[in-house]
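The lines below spell out each chain.
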Amino acid sequence: MKRNTYIYQAFERFWHWSQAALILFLMLTGFEMHGNYQLLGFEAAVLWHNLASIALIVLIIFAIFWHFVTGEWRQYIPTTRFIKAQAAYYLTGIFKGAPHPTHKTVYTKFNPLQRLIYLGLKTVIFPAQIITGLIYLSFLYPSDIIQVESHGTIAIIHTFVAFLFIAFVIAHIYLTTTGETPLTSIKAMITGWESVDVDPEQFQKEHSVQAVKDSSAGYYRLNIDGIIEDVNDAWLKMYRTDQAEHYLGKPVSITRCPTEQAQLQNIINQVFKGNSVSGLKVTRLCFDGSKGEHVLTANPIFDGDSIVGMEGFIIDLSNPNQPS
Amino acid sequence: MNLFKNQSTARFWSVLGLFAALLLPWILGYYYIQHIRLNNKAKEVTLIREPSQKKQGPDHSQYSLLQQDFETPEQVTEACLYCHNTTAQEVMQTSHWTWSREYVTDNGDTIQLGKKNILNNFCIGIQSNEPRCTSCHIGYGWKDDGFDFSQERKIDCLVCHDQTDTYKKFPSGAGYPVTEKKTSAGEAFLPPDYRYIAQNIGSPRIENCGACHFVGGGGNNVKHGDIASELKDVTRDVDVHMADDGAGMSCVDCHRTEEHAISGSLYSIASQDTNRIGCSGCHSANPHPNEILNLHSARVDCQTCHIPEYAKVSATKMSWDWSTAGKLNPDSSMVVKKDTMGNIIYHSMKGDFTWAKNVEPEYRWFNGIADHYVLGDPVNPNETLNMNPLQGSYADKRSKIIPVKVHRANIIYDVQNEYLINPHLFGKDSTAFWTHFDWQKAAKAGAEATGLAYSGEYGFIASEMTWPINHMVAPREQSLTCIECHDSNGRLSELTDFYLIGRDRHAMLDRIGIGIILLSLIGVTIHSIIRILSKSNRAQTK
Ligand code: HEM
């Protein structure tokens, strides 16, 4: 089951696109210094490369922090499960229109191949480039702490890894086109939303909770002592308040004027015996002392065999809302 | 409906926010580089020390001692020394007088070496040719190896202190001016009016230094390439320091002098890292707004970028082939050929020359110490002989890259003994080459004069001599840009003992890297072609 889901957080998207831009830019300026073409001019290329490299390092520090705080680093734990199936998919299945062998969910954003490649990128390629780059910088800006005698080897490694970066970018951009449609993945990385697989049961649960919260029918729940434990916003609105504290933890009797108390007690008795009530029209006592009419439903809450409370919905009758 | 609309506007704003967050750092970075780093070029030169102010000396025309009719230049010197009674001692310490300095040879001996006895690859050596060469000595009468260096009255004060431009030493007069009118190479020389000159002396001007230093090698700009008579009157384009529309400086503003010891030394003859002048005498150590340029100065001398070319007005001699000298016309007159600019390119007395103007320097590592070819040192005829190898390398931390002029010449050597010969060139005697054009006689006489044996067989060996370039500093706009060195065909393509970004690469790894990129491009292309084809296939079969 697929649902439109918010899978890339704002920071994650900012990080991804900034990093992409910085790397492309570092390539452009780096290979200009390497002598492959003239674009910005050597002096500007050096200044830009040095500035962009510091920016990239700062960005990556933030990104590492984010990965650990959000636990997203787990996305990169390598797995051998389905790795063959995934490889087979890219080699043959994709041509036959076969379905993706693994499912993208909020918890597994990357397929096993992606995991492996991103992990390698993050643990080998990036560190290699950053470390050689920093050694290079410390050669340019000599200090007493780090003294680099000669930078030939460092520069050669730095250049070679830069080539690997280009290869990665080519493959990476191509693989983004293997989603649902060629642009699906890119769009997702821009907006954060993508239609991904969800667990139907889980979805059902989360959805019901949301439905109650958002419903324009009032919802309430009492415990076995007749104390109000929960109400939703629509319920509070019908009682003309927006502060739940006025009712939560209070006996349910405060929702009726003295003349209606007997009827209320009657309903509670019925429900605690195990019966359900529905369609009953009653008059409520609102928070500001005014009165209103609604129909209610009430049914018992079970904990195993024993009844522990009562809940239900109320629908307002006093000022019906016309659809606009 | 309402809900849906809200959600899409929310998304729109969030994506817009993302773009803003992505763009902002780039805009700031652009501003930083364009306006703070690149645009912030130095607008003015800041000096840590101003050029020296000329002192107004006493009016020498008031001194009765100078109001006499001097017969000889020595009498003038005696008059000078009458008041300046310690000056002769000062002058006699200087290499302007001794033409020699202490030099440590390869085997560790300290010897006296200087213009007096060193060889170069222009007119080779002084010994036996004195009267011609010593016309640039600050003395009178050094006509052979018997000159007495302790005679104070033989010091020539006027050549440096004349302010009238009327005092001239005769080119072959062993340091003396003429006593009657003579001409040399078409130029007239008159006996100086010593009374007038002595009453008008002053601190040395460009003209005084230039009288010898502009014409080293026997003509304007022949030797140095960066020191020539045009410096008396140039524009900033040629020399920002000496130009009238530049700093308007004269030689002694940088070559500061104490007790007649003039600072600065040239490594065509100097060897030790002492008494050097650098730009940092007046300029700060960090003159560039771009810190990376300042960092370059650890291994690159200022001159390297700031003197992009030398010999900007008159040409300088680049090569000299002595082996062709001596060809005469059928009527035994001398052959003289000139190029279109008027530079002599062949002369019977000297052989073939090449000249060049606006020359791009060559570059060397230099740590301040130079070796020298010393008379008697062995030579290898199969290799080019380096007459004054500048010491230094990338690995030697004290070394910096400097610009140099390299003068290449075929010069005479003793084939069997395998050492250079100081040929006897000048003189009216029976052996001088410039009179008789006979290398055998000239070699024998020259070898004897230097105390070396001559085997009887001479030949010519390729040599080069390195002249550091320090003058003709160009305006800032003309200094080298990065790419002139950071490039595979750049100016430093011969200094290969270190990795230079932009010039150097690991050819193999570069090829592998490009290979990997090509493979991934090919892979991606094939994959997408199959994808597209199989998709349309599937669409058809459906
Ligand atoms: C944060 C990471 C990085 C740092 C600190 C860094 C630093 C440097 C430095 C200091 C240089 C020497 C040039 C100079 O500025 O004078 C350099 C050169 C270079 N960089 Fe980077 N860099 C980084 C990332 C990258 C990336 C991601 C790429 C390409 C994908 C790249 C490609 C190059 C290339 C091709 C050169 C030229 C090497 C040569 O020819 O010697 N760099 N880098």
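Residues numbered from 1 in each chain as written. Chains lettered and ligands numbered in written order. Predicted model: local features only at pLDDT ≥ 70, side-chain atom pairs only at ≥ 80, totals over all residues. Heavy atoms only, no water.

What about the overall build of chain B?
Turning to step 1, where the next piece is worked out: The helix and strand tally for chain B stands at 14 helices and 15 strands.
Turning to step 2, where the next piece is worked out: When its C-alpha atoms are laid out on the principal axes, chain B stretches across 120 × 60 × 50 Å.
Turning to step 3, where the next piece is worked out: Counting all 542 residues of chain B, 43% fall into the buried class.
Turning to step 4, where the next piece is worked out: Long-range pairs, those at least 24 residues apart, make up 68% of the contacts in chain B with a sequence separation of at least 6.
Turning to step 5, where the next piece is worked out: The distance from the centre of the 52 positive side-chain charges to the centre of the 61 negative ones in chain B is 12 Å. (Helix = DSSP H or I, 4+ residues; strand = E, 2+ residues; numbered from the N terminus. Buried < 20%, exposed > 50% of the residue type's maximum accessible area, 1.4 Å probe, protein only. Contact = heavy atoms within 4.5 Å. Lys, Arg positive; Asp, Glu negative; His and termini not counted. Charge placed at Lys NZ, Arg CZ, Asp CG, Glu CD.)

Describing the pairing of strand E1 (residues 101-104) of chain B
When a strand is regular, its side chains alternate between the sheet's two faces.
Residue and element names in this part refer to chain B.
Turning to step 1, where the next piece is worked out: Alignment of E1 against strand E2 (residues 110-113), held across four bridges, turns out to be antiparallel. The residue bridging Arg 101 from the neighbouring strand is Leu 113, located in E2.
Turning to step 2, where the next piece is worked out: Adjacent in sequence and paired antiparallel, E1 and E2 are bridged by five residues, among which Gly 108 carries a positive phi angle near 90°. (Pairing = 2+ DSSP bridges.)

Overview of the interface of chain A and chain B
Turning to step 1, where the next piece is worked out: Between chain A and chain B, the residue contacts involve 52 residues of the former and 48 residues of the latter.
Turning to step 2, where the next piece is worked out: In this assembly, chain A packs against chain B so that about 4500 Å² is buried in total across both faces, 71% of it on carbon and sulfur atoms.
Turning to step 3, where the next piece is worked out: Broken down residue by residue, the surface that chain A buries against chain B is led by Leu 47, Phe 95 and Tyr 174 of chain A, which jointly contribute 16%.
Turning to step 4, where the next piece is worked out: Run the count over chain A and chain B and you get zero salt bridges.
Turning to step 5, where the next piece is worked out: Remark: the boundary between chain A and chain B carries 12 residue pairs in polar contact (both at pLDDT 80 or more).
Turning to step 6, where the next piece is worked out: Within the residue set of the side of chain A that touches chain B, elements represented by two or more residues are helix H1 (10-34), helix H2 (42-70), helix H3 (83-96), helix H4 (112-140), helix H5 (152-176) and helix H6 (184-191) of chain A.
Turning to step 7, where the next piece is worked out: A breakdown of the residues in the side of chain A that touches chain B according to their chemical character gives 33 nonpolar, 15 polar and four charged. (Buried area = accessible area lost by both parts, 1.4 Å probe. Salt bridge = Lys/Arg side-chain N within 4 Å of Asp/Glu carboxyl O. Polar contact = N/O pair within 3.5 Å; in protein donor to acceptor, adjacent residues only side chain to side chain. Nonpolar A, V, L, I, M, F, W, Y, C, P; charged D, E, K, R; others polar.)

Side note on the packing of aromatic side chains
All names here are of chain B.
Turning to step 1, where the next piece is worked out: Counted under the stated rule, the structure contains 40 aromatic pairs over all chains.
Turning to step 2, where the next piece is worked out: Grouping aromatic residues by their ring pairs yields a cluster made of Phe 122, Trp 320, Trp 322, Phe 353, Trp 355, Phe 433, Phe 437, Trp 439, Tyr 458, Phe 460 and Trp 467.
Turning to step 3, where the next piece is worked out: For Lys 168, the ring lying beneath its charged end belongs to Phe 189, and the centroid distance is 5.9 Å.
Turning to step 4, where the next piece is worked out: For the cation-ring pair, Lys 337 lies above Tyr 346, with the distance from its terminal atom to the ring centre recorded as 5.5 Å. (Phe/Tyr/Trp six-rings, centres within 6.5 Å; stacked < 30°, edge-to-face > 60°. Lys NZ or Arg CZ within 6 Å of the ring centre and 35° of its normal.)

Notes on the site of the ligand
Turning to step 1, where the next piece is worked out: Around the ligand sit 26 residues in total, of which His 34, His 49, Asn 50 and His 158 of chain A together with Tyr 499 of chain B are the nearest.
Turning to step 2, where the next piece is worked out: Between the ligand and the protein, one listed contact pairs a nitrogen atom with a side-chain N or O atom of Gln 129 of chain A at 3.5 Å.
Turning to step 3, where the next piece is worked out: Listed by contribution, the elements that provide at least two residues to the shell around the ligand are H1, H2, H4 and H5 of chain A.
Turning to step 4, where the next piece is worked out: The class makeup of the residues in the shell around the ligand is 17 nonpolar, nine polar and no charged. (Near = heavy atom within 4 Å.)

A closer look at the state of the cysteines
Residues and elements named next belong to chain B.
Turning to step 1, where the next piece is worked out: Inspection of the entire model under this criterion finds zero disulfides over all chains.
Turning to step 2, where the next piece is worked out: With no disulfide of its own, Cys 209 has Cys 251 as its nearest cysteine by sulfur position, at a separation of 3.9 Å.
Turning to step 3, where the next piece is worked out: A disulfide-free cysteine, Cys 485 has its sulfur positioned 6.1 Å from the sulfur of Cys 305, the nearest such atom.
Turning to step 4, where the next piece is worked out: When its relative accessible area of 11% is taken as the criterion, Cys 485 is described as buried. (Disulfide = S-S within 2.5 Å.)

A few points about the pattern of salt bridges
Residues and elements named next belong to chain B.
Turning to step 1, where the next piece is worked out: Overall, the coordinates contain 21 salt bridges over all chains when judged by the stated rule.
Turning to step 2, where the next piece is worked out: For the salt bridge of Arg 195 with Asp 69, the shortest nitrogen-to-oxygen distance reads 3.5 Å. Of this pair, Arg 195 sits in helix H7 (residues 194-199) while Asp 69 sits in the loop between helix H1 (2-38) and helix H2 (73-83), placing them 126 residues apart in sequence.
Turning to step 3, where the next piece is worked out: Classification of Arg 195 as partly exposed rests on a relative accessible area of 31%.

Things to note about the environment of Thr 92 of chain A
All names here are of chain A.
Turning to step 1, where the next piece is worked out: Among the structural elements, Thr 92 can be located in helix H3.
Turning to step 2, where the next piece is worked out: Classification of Thr 92 by relative accessible area gives partly exposed; the value is 39%.
Turning to step 3, where the next piece is worked out: Once the C-alpha coordinates of Thr 92 and Leu 113 are considered, the two residues, 21 residues apart in sequence, prove to be 15 Å apart.

A word on the domain arrangement of chain A
Turning to step 1, where the next piece is worked out: We note that the domain assignment places domain 1 (2-198) and domain 2 (208-316) within chain A.
Turning to step 2, where the next piece is worked out: Domain 1 of chain A and domain 2 of chain A are separated by 55 Å when their C-alpha centres are compared. (Domains from an automatic or database assignment.)

Comments concerning unusual backbone geometry
All names here are of chain B.
Turning to step 1, where the next piece is worked out: Backbone geometry at Ala 174 places phi at a positive 55°, although glycine is not the residue there.
Turning to step 2, where the next piece is worked out: In this structure, Ala 174 sits in the loop between helix H6 (158-161) and strand E3 (182-184).
Turning to step 3, where the next piece is worked out: Judged by relative accessible area, Ala 174 falls into the buried class, the value being 6%.
Turning to step 4, where the next piece is worked out: A positive phi angle, near 45°, is found at Ala 185, a position not held by glycine.
Turning to step 5, where the next piece is worked out: Mapped onto the elements of the fold, Ala 185 is located in the loop between E3 and strand E4 (187-189).
Turning to step 6, where the next piece is worked out: The exposed category is assigned to Ala 185, whose relative accessible area is 86%.

Section: the sheet that holds strand E5 (residues 277-285) of chain A
Backbone hydrogen bonds hold the strands of a sheet together, and the pairing may be parallel or antiparallel.
Residues and elements named next belong to chain A.
Turning to step 1, where the next piece is worked out: An order of E4-E3-E7-E6-E5 is seen for the five strands of this open sheet, with the pairing classed as antiparallel. A strand with exactly one partner marks an edge of an open sheet, and here the two such strands are strand E4 (228-231) and E5. Between one strand and the next, the sheet's axes are offset by a mean angle of 30°, whatever the strand orientation.
Turning to step 2, where the next piece is worked out: Relative to strand E7 (residues 306-316), strand E6 (residues 291-303) is paired through eight bridges, and the arrangement is antiparallel. Looking across to E7, one finds that Asn 299 is bridged to Glu 311.
Turning to step 3, where the next piece is worked out: With respect to the sheet, helix H9 (residues 261-272) is in contact with strand E3 (218-223), E5, E6 and E7, its orientation differing from that of E5 by roughly 150°. (Axes fitted to C-alpha atoms, helices over the stretch in contact; angles between N-to-C directions.)

Here we look at the nonpolar core
Turning to step 1, where the next piece is worked out: Trp 322, Ile 411, Leu 420, Phe 433 and Trp 439 of chain B are the most contacted members of the largest nonpolar core, which totals 36 residues.
Turning to step 2, where the next piece is worked out: Breaking this core down by element, the ones donating at least two residues are strand E10 (351-356), strand E13 (400-414), strand E14 (419-420), helix H12 (433-436), helix H13 (439-449) and strand E15 (458-468) of chain B.
Turning to step 3, where the next piece is worked out: In this structure, Leu 420 of chain B is in contact with Leu 119, Tyr 373, Leu 375, Val 379, Leu 385, Met 387, Ile 411, Ile 412, Tyr 413, Leu 452 and Ile 461 of chain B, ignoring residues within four places of it in sequence.
Turning to step 4, where the next piece is worked out: Ranked by size, the runner-up nonpolar core spans 33 residues in total, among them Ala 44, Ala 162 and Val 169 of chain A together with Val 524 of chain B. (Core = buried A, V, L, I, M, F, W, Y, C linked by side-chain atoms within 4.5 Å.)

Let's talk about the environment of Arg 81 of chain A
Residues and elements named next belong to chain A.
Turning to step 1, where the next piece is worked out: Positionally, Arg 81 belongs in the loop between H2 and H3.
Turning to step 2, where the next piece is worked out: For Arg 81, a relative accessible area of 59% corresponds to the exposed category.
Turning to step 3, where the next piece is worked out: Expressed as a C-alpha distance, the spacing of Arg 81 and Gly 30, which sit 51 residues apart in the sequence, is 38 Å.

Re a negative patch on the surface
All names here are of chain B.
Turning to step 1, where the next piece is worked out: A cluster of acidic side chains, namely Asp 233, Asp 237, Asp 244, Asp 245 and Glu 477, defines a negative patch on the protein surface.
Turning to step 2, where the next piece is worked out: Mapped onto the secondary structure, Asp 245 falls in the loop between helix H8 (206-213) and helix H9 (251-254).
Turning to step 3, where the next piece is worked out: Given the relative accessible area of 49%, Asp 245 is considered partly exposed. (Patch = residues over 30% accessible without salt bridge, like charges linked within 9 Å, V, L, I, M, F, W, Y side chains within 5 Å. Areas by Shrake-Rupley, 256 points an atom, 1.4 Å probe, with all protein chains shown as cover.)

A closer look at the coordination of the iron atom of the ligand
For a metal with four donors in a tetrahedral arrangement, the ideal angle between donors is 109.5 degrees, while six donors in an octahedron ideally sit at 90 or 180 degrees.
Residue and element names in this part refer to chain A.
Turning to step 1, where the next piece is worked out: Surrounding the iron atom of the ligand are the protein donor atoms His 49 (NE2) and His 158 (NE2), which sit 2.0 to 2.1 Å from the metal.
Turning to step 2, where the next piece is worked out: Around the iron atom of the ligand, the six donor atoms are arranged such that angles at the metal cover 84 to 179°; this shape is classified as octahedral. With a gap of 109 residues between them, His 49 in helix H2 and His 158 in helix H5 connect regions that are remote in the sequence.
Turning to step 3, where the next piece is worked out: Relative accessible area serves as the criterion here: at 12%, His 49 is assigned to the buried category. (Donors = N, O, S within 2.8 Å, 3.2 Å for Na, K, Ca; no water. Tetrahedral: all angles 85-135°; square planar, octahedral: opposite > 155°, others 65-115°.)

A few points about a nonpolar patch on the surface
Turning to step 1, where the next piece is worked out: Judged by side-chain polarity, Ile 514, Leu 518, Leu 519, Leu 521, Ile 522, Ile 526 and Ile 530 of chain B come together as a nonpolar surface patch covering roughly 630 Å² of accessible area.
Turning to step 2, where the next piece is worked out: Within the secondary structure layout, Ile 522 of chain B lies in helix H14 (residues 507-541).

What to know about the side chain of Lys 317 of chain B
All names here are of chain B.
Turning to step 1, where the next piece is worked out: Along the chain, the position of Lys 317 falls in strand E7 (residues 316-321).
Turning to step 2, where the next piece is worked out: This buried residue, Lys 317, is left without a salt bridge; Asp 352 holds the nearest opposite charge, at 11 Å.
Turning to step 3, where the next piece is worked out: Those residues in contact with Lys 317 that lie beyond four places of it in its chain are Asn 221, Val 222, Phe 353, Thr 354, Trp 355, Lys 405 and His 407.

Quick notes on the packing of H1 of chain A against H6 of chain A
Residues and elements named next belong to chain A.
Turning to step 1, where the next piece is worked out: Where H1 meets H6, the closest approach of the two axes is 8 Å, and the angle between their N-to-C directions is 115°. Touching Arg 13, His 16 and Trp 17 of H1 are Ile 186, Ala 188, Met 189, Ile 190 and Thr 191, all from H6.
Turning to step 2, where the next piece is worked out: Taken together, the residues of the contact of H1 with H6 break down into five nonpolar, two polar and one charged.

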